[in-house]
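In case you want the letters, here they are:
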Amino acid sequence: MGDPMASAGASLNADATPALIEARDMTKHYAGFSLQDVSFTVGEGEIVGFVGKNGAGKSTTIKALLGLIGLDGGSARMLGRDARELARGSAAALKERIGVVFDTVSVPGHLRVRDVARVMERAFTSWDARAFDRLAHAFDLDGAKQVKELSRGMGMKLSLACALSHGAQLLILDEATAGLDPMARDEMLDRLRDFVAEPGRAVFMSSHITSDLERIADRVLCIDEGHITFDLAKDEITDEMGIARCRVADFERIAASGFIPEHELRYRKNDYGIDLLVPDRFAFSERFPNVPVDRMTIDDYLTLTLKGGVR
Ligand SMILES: Nc1ncnc2c1ncn2[C@@H]1O[C@H](COP(=O)(O)OP(=O)(O)OP(=O)(O)O)[C@@H](O)[C@H]1O
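Residues numbered from 1 in each chain as written. Predicted model: local features only at pLDDT ≥ 70, side-chain atom pairs only at ≥ 80, totals over all residues. Heavy atoms only, no water.

1. A few points about the overall build of the chain
Inclusion rule: Put simply, DSSP H or I for four residues or longer makes a helix, DSSP E for two residues or longer makes a strand, and each gets a number counted from the N terminus. Two residues form a contact once any of their heavy atoms are found within 4.5 Å. To be clear on the numbers: accessible area is Shrake-Rupley with a 1.4 Å probe, and residue cover counts the displayed protein chains and nothing else. Under this rule, positive means Lys or Arg and negative means Asp or Glu; His and the chain ends count for nothing. Where a charge lies is defined by one atom per residue type, namely NZ (Lys), CZ (Arg), CG (Asp) and CD (Glu).
Within the chain, the secondary structure is distributed over 12 helices and 15 strands. Overall size of the chain, expressed as C-alpha extent along the three principal axes, is 65 × 40 × 40 Å. Relative to all contacts within the chain whose residues are 6 or more apart in sequence, the contacts with residues 24 or more apart total 72%. Split by element, the accessible area of the chain, about 14,700 Å² in all, is 48% carbon and sulfur. Measuring between centres, the 39 positive side-chain charges of the chain sit 5 Å from its 48 negative side-chain charges.

2. A look at the site of the ligand
Spelled out, the test is: We define proximity as follows: a residue is near a molecule or strand when any one of its heavy atoms falls within 4 Å of that partner. In protein, a polar contact requires one atom able to donate a hydrogen and another able to accept it; more generally it is a pair of N or O atoms within 3.5 Å, and residues adjacent in sequence count only if both atoms are side-chain atoms. Amino acids are sorted into nonpolar (Ala, Val, Leu, Ile, Met, Phe, Trp, Tyr, Cys and Pro), charged (Asp, Glu, Lys and Arg) and polar (every other residue, Gly among them).
The full set of residues close to the ligand is Y30, F33, K53, N54, G55, A56, G57, K58, S59, T60 and H208. N54 has a polar side-chain atom sitting 2.9 Å from an oxygen atom of the ligand. Between the ligand and the protein, one listed contact pairs an oxygen atom with a side-chain N or O atom of T60 at 2.6 Å. Protein contact buries 59% of the 640 Å² of open area that the ligand shows by itself. Ranked by residue count, the leading element in the shell around the ligand is helix α2 (residues 58-65), at three residues. Looking at side-chain class alone, the shell around the ligand contains three nonpolar, six polar and two charged residues.

3. Remarks on the packing of aromatic side chains
Heads up, the rule is: Any pair of Phe, Tyr and Trp rings, taking the six-membered ring for Trp, is counted once the centres come within 6.5 Å. Such a pair is stacked with planes under 30 degrees apart, edge-to-face with planes over 60 apart, and tilted for the rest. The buried label applies to any residue whose accessible area, calculated with a 1.4 Å probe on protein chains only, is under 20% of its type's maximum; exposed applies above 50%, and partly exposed to all values in between.
Under the definition given, this model contains 10 aromatic pairs. When the ring of F124 is compared with that of W127, the centres are 6.5 Å apart and the planes differ by 20°; the resulting orientation is stacked. Take F124: its relative accessible area is 17%, and that puts it in the buried class. Judged by centre distance (5.0 Å) and plane angle (40°), the rings of F284 and F288 are tilted.

4. Some words on the pattern of salt bridges
Here the idea is simple: oppositely charged side chains can pair when their charged atoms come close. We count it as follows: One side-chain nitrogen of Lys or Arg within 4 Å of one carboxyl oxygen of Asp or Glu is enough to make a salt bridge.
The full count for this structure, using the stated rule, is 18 salt bridges. Between D224 and K53 there is a salt bridge, with its nearest N and O atoms 3.6 Å apart. You can see D224 sitting in strand β9 (residues 219-224) and its partner K53 sitting in the loop between β3 (47-51) and α2, a full 171 residues away along the chain. With relative accessibility at 13%, the residue D224 sits in the buried group. A relative accessible area of 38% places K53 in the partly exposed class.

5. Regarding the sheet that holds strand β1 (residues 21-30)
The criterion, for reference: One bridge is not enough; two strands pair if DSSP finds at least two bridges between them.
A sheet is described by the order of its strands in space; here four strands give the open sequence β2-β1-β4-β5, paired in antiparallel fashion. Because the sheet does not close on itself, it has two edges, and the strands there are β2 (33-42) and β5 (81-82). By the bridge criterion, two bridges tie strand β4 (residues 73-78) to β5 in an arrangement that is antiparallel. Note on β5: the bridge partner recorded for M78 is R81.

6. Here's the deal with the domain arrangement of the chain
Worth spelling out the cut-off: Segment limits for the domains were obtained from an automatic or database-derived domain assignment. Note on definitions: buried area is the accessible-area loss of two parts on being combined, 1.4 Å probe, summed for both.
When its domains are assigned, the chain resolves into domain 1 (21-234) and domain 2 (241-310). Look at where the C-alpha atoms of domain 1 and domain 2 centre, and you get two points 35 Å apart. At the interface, 12 residues of domain 1 touch eight residues of domain 2. Interface of domain 1 and domain 2: buried area, both sides summed, is about 760 Å²; carbon and sulfur atoms make up 78% of it. The largest share of the area that domain 1 buries against domain 2 comes from T210, E214 and F230, three residues that together contribute 49% of it.

7. Looking at helix α10 (residues 248-257)
Put simply, the test is: The arc in question is the one traced by the directions running from the helix axis out to the C-beta atoms.
Looking at α10, one finds that the buried residues are D250, F251 and I254. Down the axis of α10, the smallest arc covering the buried residues is 100°, so these residues share one side. Residues of α10 that are exposed and point over 90 degrees away from its buried face: V248, A249 and A256. Structurally, α10 contributes buried residues whose contacts are with β11 (242-246), β12 (266-270), β13 (273-278) and α11 (281-287). After α10 finishes, the residue G258 shows a positive phi value of roughly 75°.

8. A look at the nonpolar core
In globular proteins that are soluble, nonpolar side chains generally tend to be buried together. Our working definition: Put simply, a nonpolar core is a bunch of buried Ala, Val, Leu, Ile, Met, Phe, Trp, Tyr and Cys residues held in one set by side-chain atoms that sit within 4.5 Å of each other.
Formed by 55 residues in total, the largest nonpolar core has its most connected members in L158, L171, L173 and V203. Two domains share this core, each providing at least three of its residues, namely domain 1 (21-234) and domain 2 (241-310).

9. Some remarks on the side chain of T238
Structurally, T238 can be placed in helix α9 (residues 234-240). The buried category is assigned to T238, whose relative accessible area is 10%. Side chain to side chain, T238 and D239 meet in a polar contact 3.4 Å long. Ignoring any residue separated from it by four or fewer positions in sequence, one finds T238 in contact with E214, R281, R295, M296 and I298.

10. Regarding the UniProt feature "domain: ABC transporter" (unreviewed entry) in the chain
We apply this condition: UniProt positions are given in the numbering used here, feature names are shortened, and annotations may be inferred rather than shown by experiment.
UniProt marks residues 21-250 with the feature "domain: ABC transporter" (unreviewed entry), using the numbering shown here. As a span, residues 21-250 carries 34% helix and 28% strand, and end to end its C-alpha atoms are 44 Å apart.

11. Thoughts on the confidence of the model for the chain
The line we're drawing: Each residue carries a pLDDT score, the predictor's confidence in it, ranging from 0 to 100.
Taken residue by residue, the chain gives an average pLDDT of 90. The fraction at 70 or more is 95%. Counting interchain partners and residues more than four positions distant, the pLDDT-below-50 stretch residues 1-15 has 27 contacts.

Here you go:
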């Protein structure tokens, strides 16, 4: 396997169109945790999934992108502008172009759903009342209910409907599909796909639901203990890589063959043998036809890279 970080570095330079998100060496220190030199870009037309364990630094990264926390080092640019501008009252026009959904509802609880649209209309010059109504209908939102009466999932749907109705170019979602039932998640993923189909748009979404990312993400970015550990095209993980189910003797034979370069054998022992990360499962099957290989999922890849051994 090539160096995953090489692709992270390459994505900073290779893209000819200007990045919608450009994080460079972002560093933030808290007691017991540091975000360290986090660099990545999100380009036009991309849906980038952001993954990592609890406490890995996803929300901290997102807050830094949105100018909600100050950085101790590095910088972030959003739609070509310094992210720190987003913290200023004068940044209304820039904020309008960025739709944000956190895992909590940011609309005042006493409002009725139908009144949210009226408040948003005053807050955003590009508010699209029709788009909001269509989404509210698609998400089965009851206009008569107060926001505080909504279930967690319904609240998420309301936030998503708002974020998709003010003419944003860039959507930043932090665990935004976590509370949704499977039908609502389906609906949401379809909307996100429609959203990026328009020119000049992109989505950056943190999620623990990697099956959602398998369906819609173009790239997967992983953070662990404040460091970016990989930045890969999703298809590279799910279409090219594989997970070989080896007996110990198979594993030693594969290791001795040099088919996977030294120091790049990533594996995990289990009760039945050893799971081995295979960079190209088709080439592997040709070379080792008697060793079964399964498709790789994002979860498998996370487990192997974050918890597995390297040899
Ligand atoms: N304001 C703060 N003060 C001190 N420490 C903080 C603060 N905000 C976050 N942290 C710490 O930073 C680390 C990363 O937290 P963060 O919320 O970014 O993780 P996460 O990847 O989003 O996790 P999860 O998947 O659980 O939402 C944690 O150790 C957390 O305790």
